[in-house]
Amino acid sequence: RLFISETVLHFKLFALPFMRKFVLFLSCLLLAGYTSIAQQAVCVQSVTNKVQIGPLTGNKNLAFGVKNIAEEAILDKEYILASKTDSTALKLDLEIVYFDIQQTATGVSVFHKTENETIIRIKGVLYKDGKKIKDYIATGKSSEISTSTMIIDEGGGFNQASARSALKKTIITLIEKLLWKNYY
């Protein structure tokens, strides 16, 4: 009994305060490490639709949608979304350079296959303190394949889900290429 009570006393007097200090030290170290890896603030300054051919030429809604998707992607990548007035934030300008749907159709007898591929190219330019840091052109594709046993063509129309998928993949690629380790 004496040995057990001496061990408990030793633990209470020496080991317990040491363990408390050690846990406090580790938690402070982790917190300090987490705050030192704070992400840079990013602002989507402007989105310009420079599509030359097709039904989306000069479409303001497309530019607005791309800006929303870009801001969503910035938040998904755990960057801080800043306002245009934040002078310390990185500024991102986007240009929609190309947006088209390419249709490929093949058919033998009554069997028919149509492939619609949405292709999007977006140019991004990243600025820090008013100076151009980096630019990149990202290309995204999304495919939709339909098969049928009759030769009735519904005509390669615009599929909004396919376009949004291609836009999101393109913008995520663009943000990853432009923002990865640019502010260290």
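Up top you'll find the structure we're talking about.
Residues numbered from 1 in each chain as written. Predicted model: local features only at pLDDT ≥ 70, side-chain atom pairs only at ≥ 80, totals over all residues. Heavy atoms only, no water.

Q: Just to check I follow, could you spell out the packing of helix H2 (residues 60-76) against helix H3 (residues 160-179) for this structure?
A: In contact at an axis separation of 9 Å, H2 and H3 are set at 55° when each is read in the N-to-C sense. Relative to H3, the element H2 lies oblique. Two packed elements cross with a definite hand, and for H2 against H3 that hand is right-handed. Here H2 contributes Leu62, Val66, Ile69, Ala70, Glu72, Ala73, Ile74 and Asp76 to the contact with H3, which in turn contributes Arg164, Leu167, Lys168, Ile171, Ile172 and Ile175. Classifying every residue of the contact of H2 with H3 by side-chain character gives 10 nonpolar, no polar and four charged. (Axes fitted to C-alpha atoms, helices over the stretch in contact; angles between N-to-C directions. Helix = DSSP H or I, 4+ residues; strand = E, 2+ residues; numbered from the N terminus. Parallel < 35°, antiparallel > 145°, perpendicular 65-115°, else oblique. Left-handed = near helix turned anticlockwise from the far one by under 90°. Contact = heavy atoms within 4.5 Å. Nonpolar A, V, L, I, M, F, W, Y, C, P; charged D, E, K, R; others polar.)

Q: Help me understand unusual backbone geometry, please; the structure alone is not making it clear to me.
A: Excluding glycine, most residues fall at negative phi; most peptide bonds, likewise, are trans. Backbone geometry places glutamate 78, a non-glycine residue, at a positive phi of 65°. Structurally, the position occupied by glutamate 78 is in the loop between H2 and strand E2 (80-81). Take glutamate 78: its relative accessible area is 61%, and that puts it in the exposed class. With phi around 55°, aspartate 129 is a residue other than glycine that occupies positive phi space. Locating aspartate 129 in the fold gives a position in the loop between strand E4 (111-128) and strand E5 (131-148). Relative accessible area serves as the criterion here: at 59%, aspartate 129 is assigned to the exposed category. (Buried < 20%, exposed > 50% of the residue type's maximum accessible area, 1.4 Å probe, protein only.)

Taken by themselves, the reported measurements are silent on function.
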